[in-house]
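# Secondary and tertiary structure notes
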Amino acid sequence: MPVLYADSVSGSTSGTTFSPSPKELPPGVVTVVVSGSAYRAPGDGKGPIGFDLQHNGKAIGSSRLLAAEGFAHMTLPSIMVKNVIVKKGKNDFSLQPTPKTIIDAQDTFFLMLIK
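Now for a quick tour of the structure.

Rules used in this analysis
Residues numbered from 1 in each chain as written. Predicted model: local features only at pLDDT ≥ 70, side-chain atom pairs only at ≥ 80, totals over all residues. Heavy atoms only, no water. Helix = DSSP H or I, 4+ residues; strand = E, 2+ residues; numbered from the N terminus. Rg over C-alpha atoms; globule rule 2.2 N^0.38 Å. Buried < 20%, exposed > 50% of the residue type's maximum accessible area, 1.4 Å probe, protein only. Contact = heavy atoms within 4.5 Å. Areas by Shrake-Rupley, 256 points an atom, 1.4 Å probe, with all protein chains shown as cover. Lys, Arg positive; Asp, Glu negative; His and termini not counted. Charge placed at Lys NZ, Arg CZ, Asp CG, Glu CD. Pairing = 2+ DSSP bridges. Axes fitted to C-alpha atoms, helices over the stretch in contact; angles between N-to-C directions.

### Some thoughts on the overall build of the chain
When its secondary structure is counted, the chain shows zero helices and eleven strands. Listed N to C, the secondary structure of the chain is β-β-β-β-β-β-β-β-β-β-β in terms of helices and strands. Since a compact globule built from 115 residues should have a radius of gyration of about 13 Å, the 14 Å found for the chain is in line with a globular shape. Principal-axis analysis of the C-alpha atoms places the extent of the chain at approximately 45 × 20 × 20 Å. In the chain, buried positions account for 41% of the 115 residues. Partitioning the intrachain contacts of the chain with sequence separation of at least 6 by distance along the chain shows that 75% fall at a separation of at least 24. In the form shown here, the chain has an accessible surface area of approximately 6,100 Å², with 55% of it arising from carbon and sulfur atoms. Within the chain, one finds 11 positive and 8 negative side-chain charges whose respective centroids are separated by 12 Å.

And the structure:
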């Protein structure tokens, strides 16, 4: 299984986007693997955190975790989404935090596209 694209970026409160160059990503079917971290605000206490994965604006997966405390950066469960169709041209993969989830520059996300 060849890796077509892999990148890591620091998180952002407004979400994180990966935009592979069309030259790096030939059209076809890929498997998307994503991992990262996040936290809850100190006053929010225990509760769910996570992110939603989108491909060109369409939801294709999500990761959730029950945070035992606020203000503790936690590694979210990695997700793997099979049979994602990438088309010729621009393909954006974005991660949007779920409610009560905070993602900042202390959080890192990794995205890999496998043929």
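So, next bit.
### Let's talk about the sheet that holds strand 5 (residues 47-55)
Strand order in the open sheet formed by four strands is 2-9-5-6, with antiparallel pairing between adjacent strands. The sheet is open, and its two edges are formed by strand 2 (16-18) and strand 6 (58-67), each paired on a single side. Between one strand and the next, the sheet's axes are offset by a mean angle of 15 degrees, whatever the strand orientation. Summarising the sheet, strand 2 and strand 9 (residues 93-97) pair through three bridges and their orientation is antiparallel. Residue pairing for strand 9: Thr-17 is matched across the bridge by Ser-94.

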